[in-house]
Amino acid sequence: MDGISQWLWKQEYWLPPGIVWEDLDEIAGSRRPLPRDLLLALPLAVGFIALRYAFERRVAFPLSRALGVRDQVRLKVTPAPHLEAFYSKNSRQPTQNEITSLVNQCNLTQRQVETWFRSRRNQDRPSNSKKFCEASWRFVFYLIAFAAGFASLINTPWFWEQSECWRGYPHQPVQDVHYWYYMLELGFYWSLLLCVSVDVKRKDFKEQIVHHFATIFLLGFSYCSNYIRVGTLVMLVHDSSDFLLESAKMFNYAGWKKTCDSLFVIFAAVFLVTRLIVFPSKIIYTTLVLSMEVFEPFMGYYFFNALLLVLQALHVYWAYLILRMIYKFLFLGKLDKDERSDVESEPEEEEENEEEEEEDQSSWRKRNVVRDSRLAMLSSSCVLNNLTNQKAHANRRLPKAR
């Protein structure tokens, strides 16, 4: 273990050439970054999970009812032991061959098996109340984190001039407010990662996992290497738009269409500016270019910038989804659900498509019934007209007969 620890904490990996761990010990001030400080993030993550549990039940759920959030009533499926076992252990969406095998086992038709699986998946879909509670918890954290982070950075020199991030490096003391800013953000992202199995799985589920891991590694590495000034700017840029997205989701689940659309437009503008302009031109530029005025490239330099570029790639992907929504709004006249992360995972999207197809079939049947009734009325009207004409003709011929 000692050999692994010595290899892991080799100063060549973490610090620029010419700087050793002893240089960090010489930092003046009440606090200096120590790797063991990161262990505090794990109990903070557990505390966030407990606080979220209480918040969602005591605050978020009553708020959802006050705002008018309504859950769709979903009927339970007919008990089928073989199908339930397959659903739980194998797959939620069986292939055609598996459906054929299940038909033989359960003495059901193929249509009945497909309907059972569709209903069973629909039964497991998260309710609007659950999604509202999750969005409201994230909204509260991101809002408080952004407000606190902005207040702590507004008077710092590196907030206005990013080259100040490297002035005096590595002898840069850590202020208590920035220490707690780091620990709370790191604990929160750990809590998101620990709860990923119970949270709502969305369309960008894999991208969110990559984002959480990249953020945790980025915060951990930047803290140990005393890149804290840059790290605080990274957190502030991300929090600036996240709370707007979560608030738009909340009003979407509540059915406040106009409020949701307005908040989404504001979120899209802030996201595109901060993630596609400010983040690469200010933060990535200072870590890639301006830092070279202070030290030479080393392994940690490449690792840190690689994580920033991973985040930027995710920003470009999400910006593409947002711009696609804006295109639909401008040229098609409608603003759909948030394609960035408000759409459910792919299996549930297919369920929605199937439900829409069933609704289309139902409406088609109704139109056929209306058409048939109109044809019947038209034919009966024609018969009555013929009878009336025949009677009138017979009455005209009657005097002649007399």
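So, a few notes on the structure that sits alongside this text. For clarity, every value in this text was computed on a predicted model and none was experimentally measured.

1. Structural notes on the environment of Ala 41
- The topology assignment puts Ala 41 in helix α4 (residues 41–67).
- Residue Ala 41 is classed as buried on the basis of its relative accessible area of 0%.
- C-alpha separation for the pair Ala 41 and Tyr 182, spaced 141 residues apart in sequence, amounts to 9.1 Å.
- Apart from the residues lying within four places of it in its own chain, the contact partners of Ala 41 are Leu 186, Gly 187 and Trp 190.

2. So, the environment of Ala 66
- Within the fold, Ala 66 resides in helix α4.
- Considered as a pair, Ala 66 and Ala 254 are 188 residues apart in the sequence and their alpha carbons are 9.3 Å apart.

3. Describing helix α11 (residues 205–224)
- Over its 20 residues, α11 extends 29 Å from the first C-alpha to the last, a length consistent with the 28 Å expected when each residue adds 1.5 Å.
- Burial within α11 is extensive, with 14 of its 20 residues counted as buried.
- Looking at the residues trailing α11, positive phi occurs at Asn 226, about 65 degrees.

4. What about the side chain of Glu 246?
- Mapped onto the fold, Glu 246 is located in helix α12 (residues 228–254).
- A relative accessible area of 5% means that Glu 246 is categorised as buried.
- Setting aside anything within four residues of it in sequence, one finds Glu 246 in contact with Ala 135, Arg 138, Phe 139 and Tyr 142.

5. Points about the pattern of salt bridges
- The tally for this structure, following the rule as stated, stands at 11 salt bridges.
- Between Arg 138 and Glu 134 there is a salt bridge, with its nearest N and O atoms 3.5 Å apart. Of this pair, Arg 138 and Glu 134 are both found in helix α8 (residues 128–153), 4 residues apart, which corresponds to roughly one turn of the helix.
- Its relative accessible area of 12% is what places Arg 138 among the buried residues.

6. Looking at the packing of helix α10 (residues 176–194) against α11
- Relative to each other, α10 and α11 sit at 150 degrees, their axes nearing to 10 Å. By the criterion of interaxial angle, the relationship of α10 to α11 is roughly antiparallel. Considering how the two elements wind past one another, α10 and α11 form a crossing that is left-handed. Between α10 and α11, the residues in contact are Tyr 179, Tyr 182, Met 183, Glu 185, Leu 186, Tyr 189, Trp 190, Leu 192 and Leu 193 and Ile 209, His 211, His 212, Phe 213, Thr 215, Ile 216, Leu 219, Ser 222 and Tyr 223, respectively.
- Broken down by class, the residue content of the contact of α10 with α11 amounts to 13 nonpolar, 4 polar and 1 charged.

About the thresholds
- Residues numbered from 1 in each chain as written.
- Predicted model: local features only at pLDDT ≥ 70, side-chain atom pairs only at ≥ 80, totals over all residues.
- Heavy atoms only, no water.
- Helix = DSSP H or I, 4+ residues; strand = E, 2+ residues; numbered from the N terminus.
- Buried < 20%, exposed > 50% of the residue type's maximum accessible area, 1.4 Å probe, protein only.
- Contact = heavy atoms within 4.5 Å.
- Expected span 1.5 Å × (residues − 1).
- Salt bridge = Lys/Arg side-chain N within 4 Å of Asp/Glu carboxyl O.
- Axes fitted to C-alpha atoms, helices over the stretch in contact; angles between N-to-C directions.
- Parallel < 35°, antiparallel > 145°, perpendicular 65-115°, else oblique.
- Left-handed = near helix turned anticlockwise from the far one by under 90°.
- Nonpolar A, V, L, I, M, F, W, Y, C, P; charged D, E, K, R; others polar.

Any link to function would need more than the numbers given here.
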